[in-house]
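Understanding the architecture of this molecule
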Amino acid sequence: MSSAQSLLESRPPSVAHLFLSRLEATPDREAYRYPVPADDGASGTEQWRSLTWAQTAERVKAIAAGLLALGVRPEERVAISSSTRVEWILADMGAMCAGAAATAVYPSTNADETVYILSDSGSRAIFVENAAQLAKVVAHAERLPELGHAILFDPQADLPQVAGLEVLSLAELEKQGMAYLEEHPKAIEKTVRAIEPEQLATLIYTSGTTGRPKGVRLVHDCWSYQAVAQEAGGLLSDDVQFLWLPLSHVFGKALISGQIKTGHVMAVDGRIDRIITNLPAVRPTLMASAPRIFEKVYNGIAGRARAEGGAKYQIFLWAAKVARDYARTGQESMAATGRRRVPLPLAVQHAVADKLVYGKIRAAFGGNLRVSVSGSAALAPDIGYFFSGAGVHVLEGYGLTETSAGCIVNPADDYRVGTVGKPLPGTEVRIAEDGEILLRGPGVMRGYHNLPDKTAEVLESDGWFHTGDIGEMDKDGFVRITDRKKDVFKTSGGKYVAPTEIEGRFKAICPFVSNILVIGNGRNFCTALITLDETVIMPWAASHDLGGRSYAEVVSSPQVHELIDDFVQRVNGDLQRWQTIKKFSVLSRDLDVEHGELTPSLKVKRPVVEREYAEVIEGMYEGSREA
């Protein structure tokens, strides 16, 4: 029996069991870091504070006991509506150790959908980050008769009085929990021992780009499986992980399980605008991210080199090519022979480029980054090869909310750019006749909450889950995602187009792009909506007689249209005729979470964008003959 199989077969019933084992094994080791205002009181300055596992457990047990004191019982739902912060983790683990099931709610979710999720889940209590999140609940309390308690993370002087809803601070809940533990000192251990693997642990609602979101039922065994599979996949006990991903998203949530299993340090701060600042401060060895972060870093590096011009820009272009060639050659050699080899001249060029360029790139990530796992969307291969060659190892993985996040991940010692890697131990992969990827394993959901018909559409009786993604698996077991089944469209001429492939190619060559959507379903040619990265395009504009103009004025200028058109034509040169982008529109602002165009993990919501910019899209087809 392999060590991975042994780990899987000996996994505990729940992560709550792992948490108590972790406390017993390493009580004095650092568990979490989180930012707080600096002691000197200087405006805007911060410092990092730590919790040991013992300190973490003290707070988790107090929260769990507080929930028991409120009358929360096994599998009853406790919601969390907050950005990524250490209190989210404490609340989630508190709910788990109380035997309850956490309902994850994105803080960006509007009031109407928040109320729907709380009602559909039957949540008995909710943790809210601040007054804004609390207001969504208070304003509609009469529509939530089962919701009896709201617990506020951020303290405020006056807590509102609401009929039928008790509002209390997190500190007050912990105080009640400590009092409960004085009377029932073994209550948490007793509750955890009673947890069964198939008990409901978490409800995560899909993003709901069409219709109401569906609640994905994930049991304790899903997270226990994630914990041992991640450890088997290469997590180390001495890692320092930087966590910024939204914890209401399954990708972020799954990372907690692996961290508790290995006991490594996790630095927690969900503010996206602080990522670049936090990396040198945290100096992580491990980070999970979305492709957009790597795209922004790459565009920023390329943009600064372009702005410097002359020899520096030429050096960057040369170093970028060397990085890609070095990574591609090494990975092809590894695949063919089992050994990573590159020709001596290329190795010498790489060593020179490392001193001139790559060291600065690694320093931007903190200097200690061992690996980074990228998921949620595809990473353009050219960007993946660039970072690989520069010594920033980006391991693409694949998973869905319905599979409790990652179930296929690239191995750190043999990763292949352009693939999402190999199935984690215990996960099976099958490619259907139409190319759809099917998955089976302990991480697969037990169904959609209150939606048996929807469950039957995607989950077969023998456990195979239909992902809706198209892909292929090579002879070595590496999986490649070629497109989203529902995103592949057919032109009016009957030709199939995979838009993400075209979008990835464009992102790989255009350092100014932020987002691109290829359009063409039922049309007689393809078009594109494009947004530009403000931090890159504005310096370019200043050096091209567009200084002093606003972002909207810059991106609508003839100069920028000509600039982007050059990249469009370069991409078109490598495409089939029916795939080529005949027209494009540069939008006046970037897509964002606030307008509902991006998910909290920065994935584009195609239906939302296409609805919002319907007039722009129709304008690109105006006067064309539809077949």
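See the structure above.
All values derive from a computational prediction rather than experimental measurement.

A word on the pairing of strand β6 (residues 149-152). Burial along β6 is two-sided: His149 and Ile151 facing one way and Ala150 and Leu152 facing the other are all buried. With four bridges connecting them, strand β5 (residues 125-128) and β6 associate as parallel partners. Residue Ile126 lies in a different strand from β6, and its bridge partner there is Ala150. On the question of chirality, the crossover connecting β5 to the parallel β6 by way of helix α6 (residues 131-138) is right-handed.

This paragraph deals with helix α7 (residues 170-183). For the α-helix, the turn length of 3.6 residues means that residues three or four positions removed from each other point alike. Compared with an ideal rise of 1.5 Å per residue, which puts 14 residues at 20 Å, α7 spans 20 Å between its outermost C-alpha atoms and is within 8% of the ideal. Listed as buried for α7 are Leu170, Leu173, Glu174, Gly177 and Leu181. Seen end-on, α7 carries its buried residues on one side only, within an arc spanning 95°. More than 90 degrees from the buried face of α7, the exposed residues found are Ala171, Lys175, Glu182 and Glu183. Buried residues belonging to α7 abut α3 (53-69), α4 (86-97), β5, β6, β7 (166-169) and α8 (187-193).

Once that is clear, we can look at the pattern of salt bridges. Enumeration over the complete set of coordinates arrives at 38 salt bridges. Between Glu46 and Arg271 there is a salt bridge whose closest N-O contact spans 2.8 Å. With Glu46 in strand β2 (residues 46-52) and Arg271 in the loop between β11 (265-268) and α11 (275-282), this pair connects stretches of sequence that are 225 residues apart. Classification of Arg271 by relative accessible area gives partly exposed; the value is 31%. Across the pair Asp354 and Arg362 runs a salt bridge whose closest N-O atoms are separated by 2.8 Å. Take Arg362: its relative accessible area is 26%, and that puts it in the partly exposed class.

Below, the discussion takes up the packing of helix α13 (residues 310-337) against helix α14 (residues 344-364). Between α13 and α14, the shortest axis-to-axis distance is 9 Å and the interhelical angle comes to 130°. With respect to their mutual orientation, α13 and α14 come out oblique. Where α13 crosses over α14, the two elements pack in a sense that is left-handed. Note on element contacts: α14 touches α13 through Leu346, Ala347, Gln349, His350, Val352, Ala353, Leu356, Val357 and Tyr358, opposite Ile315, Trp318, Ala319, Val322, Ala323, Asp325, Tyr326 and Thr329. Counted by class, the contact of α13 with α14 contains 13 nonpolar, three polar and one charged residues.

Attention now goes to the packing of aromatic side chains. Following the criterion strictly, the structure yields 12 aromatic pairs and no others. Centroid distance Phe294 to Phe387: 5.7 Å. Interplanar angle 65°. Geometry classified as edge-to-face. Placement of the pair is Phe294 in helix α12 (residues 291-308) and Phe387 in helix α15 (residues 381-389), with a sequence separation of 93 residues. In terms of burial, Phe294 and Phe387 fall into one category: buried. Ring pairing ties together the aromatic residues Phe294, Tyr298, Phe316, Phe365, Phe386 and Phe387, which thus form one cluster. Just above the ring of Trp223 sits the side chain of Lys253; from NZ or CZ to the centre is 4.2 Å. Sitting over the face of the ring of Tyr385, Arg328 holds its NZ or CZ atom 4.3 Å from the ring centroid.

With that settled, consider the side chain of Thr84. Within the element layout of this structure, Thr84 appears in the loop between β3 (77-81) and α4. For Thr84, a relative accessible area of 7% translates into the label buried. A polar contact of 3.1 Å, which involves the side chain of Thr84, links it to the backbone nitrogen of Leu247. When near neighbours in sequence (up to four residues on either side) are disregarded, Thr84 contacts Leu243, Trp244, Leu245, Pro246, Leu247, Val268, Asp269 and Gly270.

Moving on: the packing of helix α2 (residues 15-25) against α3. Two elements in contact, α2 and α3, have axes whose closest approach is 9 Å; the angle formed by their N-to-C orientations is 140°. Relative to α3, the element α2 is oriented oblique. Crossing of α2 against α3: the hand is left-handed. Within the contact between the two elements, α2 uses Phe19, Leu20, Arg22 and Leu23 and α3 uses Trp53, Ala54, Thr56, Ala57, Val60 and Lys61. The residue inventory of the contact of α2 with α3, partitioned by class, reads seven nonpolar, one polar and two charged.

On the secondary structure map, Val417 appears in the loop between β15 (405-409) and β16 (422-423). Classification of Val417 as buried rests on a relative accessible area of 12%. When sequence neighbours within four positions are dropped, the list of residues in contact with Val417 reads Gln331, Pro381, Gly384 and Tyr385.

Moving on: the pairing of β5. Residues in a regular strand point their side chains to alternate faces of the sheet. The alternating pattern of β5 places Ala125 and Phe127 and Ile126 and Val128 on opposite faces, both of which are buried. Sheet topology note: the β3/β5 ladder contains four bridges and is parallel. Of the residues in β5, the one forming a bridge with Val78 is Ala125.

Strand order in the open sheet formed by nine strands is β2-β1-β11-β10-β12-β13-β14-β15-β16, and the pairing between neighbours is mixed. With one partner strand each, in any of the chains shown, β2 and β16 form the two edges of the open sheet. As judged from the four bridges shared by strand β12 (residues 286-289) and strand β13 (residues 371-374), these two strands associate in the parallel manner. Across the sheet, residue Ala288 finds its bridge partner in β13, namely Val373.

Basis of the calculations
In every chain, residue numbers begin from 1 and rise along the written sequence. Thresholds applied to this predicted model are a pLDDT of at least 70 for local features of residues and 80 or more for the giving and counting of side-chain atom pairs; totals over whole chains, interfaces and linings are not thresholded and use all residues. Processing note: side-chain calculations cover all non-hydrogen atoms of the structure and skip hydrogens and water entirely. Each residue gets one of three labels from its accessible area relative to the maximum for its type: buried under 20%, exposed over 50%, partly exposed in between, using a 1.4 Å probe on protein chains only. Per the convention used, a helix needs a DSSP run of H or I reaching at least four residues, while a strand needs a run of E reaching at least two, with both numbered from the N terminus. Two strands qualify as a pair provided DSSP detects at least 2 bridges between them. Crossover handedness is defined by viewing with both strands directed away from the observer: a clockwise path from the first strand over the helix to the second marks the crossover as right-handed. Helix span, as expected, comes to 1.5 Å for every residue beyond the first. Read the arc as the range of directions from the helix axis to the C-beta atoms. Here, residues are in contact when the closest pair of their heavy atoms is within 4.5 Å. Note on definitions: salt bridges are taken to be side-chain nitrogens of Lys or Arg within 4 Å of carboxyl oxygens of Asp or Glu. Every axis corresponds to a line fitted to the C-alpha atoms, with the helix fit spanning only the stretch in contact, and the corresponding angles, defined between N-to-C directions, vary from 0 to 180 degrees. Orientation categories follow fixed angle ranges, with anything under 35 degrees roughly parallel, anything over 145 roughly antiparallel, 65 to 115 roughly perpendicular, and all other angles oblique. Here a crossing is called left-handed whenever its near helix is offset anticlockwise from the far helix by less than a right angle, and right-handed whenever the offset is clockwise. Amino acids outside the nonpolar list (Ala, Val, Leu, Ile, Met, Phe, Trp, Tyr, Cys, Pro) and the charged list (Asp, Glu, Lys, Arg) are all regarded as polar, and Gly is one of them. Ring pairs shown here join Phe, Tyr and Trp side chains whose ring centres sit within 6.5 Å, with only the six-membered ring taken for Trp; geometry is labelled stacked below 30 degrees between planes, edge-to-face above 60, and tilted in between. Any Lys NZ or Arg CZ found within 6 Å of a ring centre and within 35 degrees of that ring's normal is scored as a charge over the ring. In protein, a polar contact means a hydrogen-donor-capable atom and an acceptor-capable atom, both N or O and within 3.5 Å, with residues adjacent in sequence counting only if both atoms are side-chain atoms; elsewhere, any N or O pair within 3.5 Å suffices.

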